[in-house]
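Chains, contacts and geometry: an overview
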Amino acid sequence: MVVGRDVSKREVGGRFAGDTAAEILKQAQFGRGRECIYLTAGQFSSVDWIDAVLDYTGEAQACIATWTAAAADLDRVEKWIGSTRLLSCEWLVDRSFPNRQPKICDMFRNRFGDDSIRVFATHAKFTLLWNDEGWRVVMLTSANLNKNSRTEFFHCADDPALFDQFWNMKDAVFESQEPGEGFRSDAGKARPFKALKAAGLKDAADRKGVGSAGQIPLF
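Notes on the structure follow. These numbers come from a predicted model, not from an experiment.

**Description of the overall build of the protein chain**
Summing up its helical and strand segments, the protein chain has seven helices and eight strands in all. The 219 residues of the protein chain split such that 47% are buried. Here the analysis covers contacts within the protein chain between residues at least 6 apart in sequence; of these, 74% occur between residues at least 24 apart.

Given below as structure tokens:
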């Protein structure tokens, strides 16, 4: 527990069936400075959750981190860009994605462009939403973008301090890699991650006995 944190602004609950993402956020009275953490039965996807939060923030910029994605989910996000939903979208995906789903990966690159994508060793699933209205939303989840009928958790907080922690990690990854570099077959080999070190985040290669190069601790 963080000393001094106002937990009165947090809603914790479980909705194992039935409720939509929009209904959960309404029940939690989500808004500026609010936080909610819910368990679901997998009745909606991460894209549904993002869509529901955008109803509160209005048009925003986004960074989405996911281990995998389906074509339909990418379709929805692409349609948001340039509409009244998203101004832009950056992506963080696992380096196994190109080998696991090469056709979807090619489509993904063509639609969003290598400038907007970074590929490295990750299993983290989160979304950052921000805009000029001052929203700084962090969305953490066990779910990938696609709908999956299993128990999942969804966490959402308008929290600038928490946002900054994930923003710094996102920026460090983007700065450590040239566009398209992560899609090379040798991308996982002994990369320098100078930007990560400058941001105070250590490459796993610098942490004795922990993982392989390219695995980055968030905090």
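**Here we look at the packing of helix α2 (residues 46-57) against helix α3 (residues 71-80)**
Contact geometry of α2 with α3 gives a least axis separation of 10 Å together with a crossing angle of 20°. By the angle class used here, α2 and α3 are roughly parallel. Helix-helix and strand crossings are classified by hand; for α2 and α3 the assignment is left-handed. Where α2 approaches α3, its residues V47, D48, I50, D51 and L54 are matched on the opposing element by D73, R76 and W80. In the contact of α2 with α3, the residues fall into four nonpolar, no polar and four charged.

**Thoughts on unusual backbone geometry**
With a phi angle near 55°, Q29 is a residue other than glycine that sits in the positive phi range. With respect to the helices and strands, Q29 occurs in the loop between α1 (21-27) and β2 (35-40). Here Q29 falls in the exposed class, since its relative accessible area comes to 61%.

**Here we look at the pattern of salt bridges**
By the definition in use, this model includes ten salt bridges. One salt bridge connects K170 with E90, and the closest N-O pair in it is separated by 2.9 Å. A residue pair is termed long-range when its members are at least 10 positions apart, and K170 in helix α6 (residues 160-175) and E90 in strand β4 (residues 86-94) qualify at 80 residues. With a relative accessible area of 3%, K170 lands in the buried category.

**Overview of α3**
Taken together, the buried positions of α3 are occupied by D73, L74, V77 and W80. Projection of α3 onto a plane perpendicular to its axis shows the buried side chains occupying an angular sector of 115°, all on one side. Contacts made by the buried residues of α3 are with α2, β3 (60-66), β4 and α5 (102-112). The first or second residue beyond α3 is G82, which carries a positive phi of 85°.

**Brief notes about the packing of aromatic side chains**
Enumeration according to the criterion identifies 13 aromatic pairs in this entry. Taking the centre distance of 5.8 Å and the plane angle of 0° together, the rings of F44 and W49 count as stacked. Summarising the burial analysis for this pair, F44 and W49 share the class buried. Taking the ring centre of W135 as reference, the NZ or CZ of R32 above it sits at 4.6 Å. Lying across the ring of F183, R109 places its NZ or CZ 3.8 Å from the centre.

About the criteria used
Residues numbered from 1 in each chain as written. Predicted model: local features only at pLDDT ≥ 70, side-chain atom pairs only at ≥ 80, totals over all residues. Heavy atoms only, no water. Helix = DSSP H or I, 4+ residues; strand = E, 2+ residues; numbered from the N terminus. Buried < 20%, exposed > 50% of the residue type's maximum accessible area, 1.4 Å probe, protein only. Contact = heavy atoms within 4.5 Å. Axes fitted to C-alpha atoms, helices over the stretch in contact; angles between N-to-C directions. Parallel < 35°, antiparallel > 145°, perpendicular 65-115°, else oblique. Left-handed = near helix turned anticlockwise from the far one by under 90°. Nonpolar A, V, L, I, M, F, W, Y, C, P; charged D, E, K, R; others polar. Salt bridge = Lys/Arg side-chain N within 4 Å of Asp/Glu carboxyl O. Arc of directions from axis to C-beta. Phe/Tyr/Trp six-rings, centres within 6.5 Å; stacked < 30°, edge-to-face > 60°. Lys NZ or Arg CZ within 6 Å of the ring centre and 35° of its normal.

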